[in-house]
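Coordinate inspection notes
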Amino acid sequence: MQKNILVVFLIIFLIVKGYGQSMSTDSLRADYDKLYGLDVLLNNGKKYFPDKNPIVGHAFWKSKDPFLADVTISGRTFKNQSIKYNLDKQEFLLIYTNFNGQQGQIILNTSVIDSVNSRSFCFVPNIHPEIKQQFVQLIYQGRLSCYIGWYKELKISSINGVKSGYEFSDDFHKNYLVYKGTVYRFSNKSSFLRIFNKTERSSIRKYFSANRIILRSLDDINLKKLIDYCDEILI
């Protein structure tokens, strides 16, 4: 009888202890959110410290100023976050305001990012070893997939031939088309047409002509329309 009572008390103790630990974890998470103004899942990264070396220009996509985007991490979406994309290190920075009203920057954990997107662009993790960038801009996805890989170059700056430090280049990009698992890079009409067979090329040439397309100056919207058309005519 005494053994049965002891077992019952032991079970009750374990349940209460487990519940207490759960409550303690939830409490810590709530306190963390209150302190930093962030969800722990979103804040799964490390604090960002700017490079101390003097470099002309900046390493960020489009602008050194942040942009608003929805960030999806491990299947959960955080709306309208203030983000910067470091092209040099292929990292996304989160600009946040903590409970005390102070602003900080966090390097998001790249391994758990599903996407970073707004109405005008979408970045996803790169799964193709032929593409060097860790993230790529998704333009189109169907039987054909189209991506843009963005990057900057760190160059030696000089004055009158004398080395004076380093500077970042403007944004560069490379366009890629993926079909049946093969990655094709294209930069002009000729390299684009080579991806397709003879019959498909004929139709695509007519599309180029009818829409007066110059690939080098094509914006994202019209590039998507082009790939959508190519996807429709695939044999």
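Placed above this text is the structure.
**Let's talk about the overall build of the chain**
Helices and strands together make up the secondary structure of the chain, namely four helices and 14 strands. Among the 235 residues that make up the chain, the fraction classed as buried is 37%. Partitioning the contacts of the chain with sequence separation of at least 6, the portion at a separation of at least 24 is 50%.

**Things to note about unusual backbone geometry**
The phi dihedral of Lys62 is positive, around 70°, even though this residue is not glycine. Along the chain, Lys62 turns up in the loop between strand 2 (55-56) and strand 3 (67-73). Relative accessible area serves as the criterion here: at 56%, Lys62 is assigned to the exposed category. Phi at Asn80 takes a positive value of approximately 50°, unusual for a residue other than glycine.

**Focus: the nonpolar core**
Judged by nonpolar contacts, the single largest core of 41 residues is most densely connected at Phe92, Val116, Leu177, Phe192, Phe196, Leu223 and Leu226. Apart from the residues lying within four places of it in its own chain, the contact partners of Val116 are Phe67, Ala69, Asp70, Val71, Ile83, Phe92, Phe121, Cys122 and Phe123. Counting residues in each nonpolar core, the second largest holds eight residues, with Val124, Ile131, Val136 and Val183 among its members.

**Observations regarding the pairing of strand 14 (residues 182-186)**
The pairing of strand 13 (residues 172-179) with strand 14 spans five bridges and is classified as antiparallel. Looking at strand 14, one finds that Val178 is bridged to Val183. The antiparallel hairpin formed by strand 13 and strand 14 contains two residues in its connecting segment, where Lys180 sits at a positive phi of about 50°.

**Re the packing of aromatic side chains**
The tally for this structure, following the rule as stated, stands at 15 aromatic pairs. When the ring of Trp61 is compared with that of Phe67, the centres are 5.7 Å apart and the planes differ by 85°; the resulting orientation is edge-to-face. We classify Trp61 as buried; its relative accessible area is 6%. For the ring pair Tyr85 and Phe123, a centre distance of 5.0 Å and an interplane angle of 70° mean the geometry is edge-to-face. With Tyr85 in strand 4 (residues 76-86) and Phe123 in strand 8 (residues 122-125), the pair connects residues that are 38 residues apart, well separated along the chain. For the pair formed by Tyr85 and Phe123, the shared burial category is buried. Each member of the aromatic cluster is reached from another via a ring pair, and the members are Trp61, Phe67, Tyr85, Phe92, Phe121, Phe123, Phe135 and Trp150. Sitting over the ring of Phe60, Lys84 keeps its end group 4.1 Å from the ring centre.

**Digging into helix 3 (residues 198-211)**
For helix 3, which comprises 14 residues, the first-to-last C-alpha distance of 20 Å matches the rise-based estimate of 20 Å (1.5 Å per residue) to within 8%. Residues of helix 3 that are buried: Glu200, Ile204, Tyr207 and Phe208. The buried residues of helix 3 occupy an angular sector of 100° when projected down its axis, which confines them to one face. Turned more than 90 degrees off the buried face of helix 3, the exposed positions are Lys198, Thr199, Lys206, Ser209 and Ala210. Summarising the contacts, the buried residues of helix 3 are in contact with helix 2 (189-193) and helix 4 (220-233). The N-capping residue of helix 3, defined by a side-chain oxygen 3.1 Å from the backbone nitrogen of Thr199, is Asn197.

**A look at the side chain of Ser169**
Within the secondary structure, Ser169 sits in the loop between strand 12 (162-168) and strand 13. A residue is classified by how much of its surface remains accessible, and Ser169, at 4% relative accessible area, is buried. For Ser169, the side chain forms a polar contact with the main-chain nitrogen of Glu153, separated by 2.8 Å. The residues touching Ser169, leaving out its near neighbours within four places in the chain, are Lys152, Glu153 and Lys155.

Scoring rules and cut-offs
Residues numbered from 1 in each chain as written. Predicted model: local features only at pLDDT ≥ 70, side-chain atom pairs only at ≥ 80, totals over all residues. Heavy atoms only, no water. Helix = DSSP H or I, 4+ residues; strand = E, 2+ residues; numbered from the N terminus. Buried < 20%, exposed > 50% of the residue type's maximum accessible area, 1.4 Å probe, protein only. Contact = heavy atoms within 4.5 Å. Core = buried A, V, L, I, M, F, W, Y, C linked by side-chain atoms within 4.5 Å. Pairing = 2+ DSSP bridges. Phe/Tyr/Trp six-rings, centres within 6.5 Å; stacked < 30°, edge-to-face > 60°. Lys NZ or Arg CZ within 6 Å of the ring centre and 35° of its normal. Expected span 1.5 Å × (residues − 1). Arc of directions from axis to C-beta. Polar contact = N/O pair within 3.5 Å; in protein donor to acceptor, adjacent residues only side chain to side chain.

So yeah, pure geometry; function would need other evidence.
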